[in-house]
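# Working through the structure, step by step
These are the residues of each chain, in order.
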Amino acid sequence: MKKTKVFVDSDVVISSLLSQKGAAHLLLNEQNSNFVISNISQNEIEVVAERLNIEQNKPQDLIKKCLKVIKLKKEISEIKKDFKAYTGDMDDTHIVAGAADARAKFLLTYNLRHFQRQKIKEDLGITVLTPAQYLQYLRSLD
């Protein structure tokens, strides 16, 4: 069976590093999905991890073990222009761009309010969920 492609917001990756009991950690450490981040998200994860005093190797190890990194082809200014209709926060446009470039079926984030979920679903065919909602979805398939 082909694994579902899931784009992961950096807040989900950071959450999985902070707690081994949450949905984010459970998801990223199981292998039923193909988890993806962008090069911009990877940089964001490293900056936030350093600010939170997370051991330097932990984010890199998690990314290497559990996530595929795609390189966004557009410049950030172009991404902001092209994807501004999908977010309430211009700093999150790269998340939608990454999910679209990856051809993800799902986008996982803890910041649901930052995203125009219905518009993303209608225009891009991507369902925006929290990690717990996605975990619930996976369990419903069993």
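Each remark here, short or long, concerns the structure printed above.
On a predicted model such as this, the values are computed, not experimentally measured, just so you know.

Once that is clear, we can look at helix α8 (residues 131-141). Residues of α8 that are buried include every one of P131, Y134, L135 and L138, and no others. One side of α8 carries all its buried residues, which in axial view fall inside an arc of 100°. In α8, the exposed positions angled more than 90 degrees off the buried face are occupied by Q136 and S140. In this structure, the buried side of α8 is in contact with β1 (4-8), α1 (10-18), α2 (23-28), β2 (33-38), β4 (106-108) and β5 (127-129).

The next subject is the packing of α1 against helix α4 (residues 57-66). It is at 11 Å that the axes of α1 and α4 come closest, and there the two elements cross at 115°. Overall, the two elements α1 and α4 adopt an arrangement that is roughly perpendicular. The chirality of how α1 crosses α4 is right-handed. Judged by residue contacts, V13, S16 and L17 of α1 engage K58, P59 and L62 from α4. Grouping the constituent residues of the contact of α1 with α4 by class yields 4 nonpolar, 1 polar and 1 charged.

Definitions and cut-offs
- Along each chain, the written sequence defines residue order, and numbers are assigned to residues from 1.
- The model is predicted, so local features are restricted to residues of pLDDT at least 70 and side-chain atom pairs to those at 80 or more, both for listing and for counting; the totals for chains, interfaces and linings are taken over all residues.
- The side-chain figures draw on all heavy atoms in the structure; neither hydrogens nor water molecules are used.
- Exposure classes here rest on a 1.4 Å probe applied to the protein chains alone. A residue is buried below 20% of its type maximum, exposed above 50%, and partly exposed in between.
- A helix here means a DSSP run of H or I that spans at least four residues, while a strand means a run of E at least two residues long, and both kinds are numbered starting from the N terminus.
- Note: the arc covers the axis-to-C-beta directions of the helix.
- Contact between two residues is taken to exist if any of their heavy atoms lie within 4.5 Å; hydrogens are not considered.
- Interaxial angles span 0 to 180 degrees and are taken between N-to-C directions of axes, which are lines fitted to C-alpha atoms, for helices over the stretch in contact.
- The scheme is simple: roughly parallel for angles under 35 degrees, roughly antiparallel for over 145, roughly perpendicular for 65 to 115, oblique for anything else.
- Crossing handedness is read from the near helix: turned anticlockwise from the far helix by less than a right angle, it gives a left-handed crossing, and turned clockwise, a right-handed one.
- Only Asp, Glu, Lys and Arg are considered charged, only Ala, Val, Leu, Ile, Met, Phe, Trp, Tyr, Cys and Pro nonpolar, and every remaining residue, Gly among them, polar.

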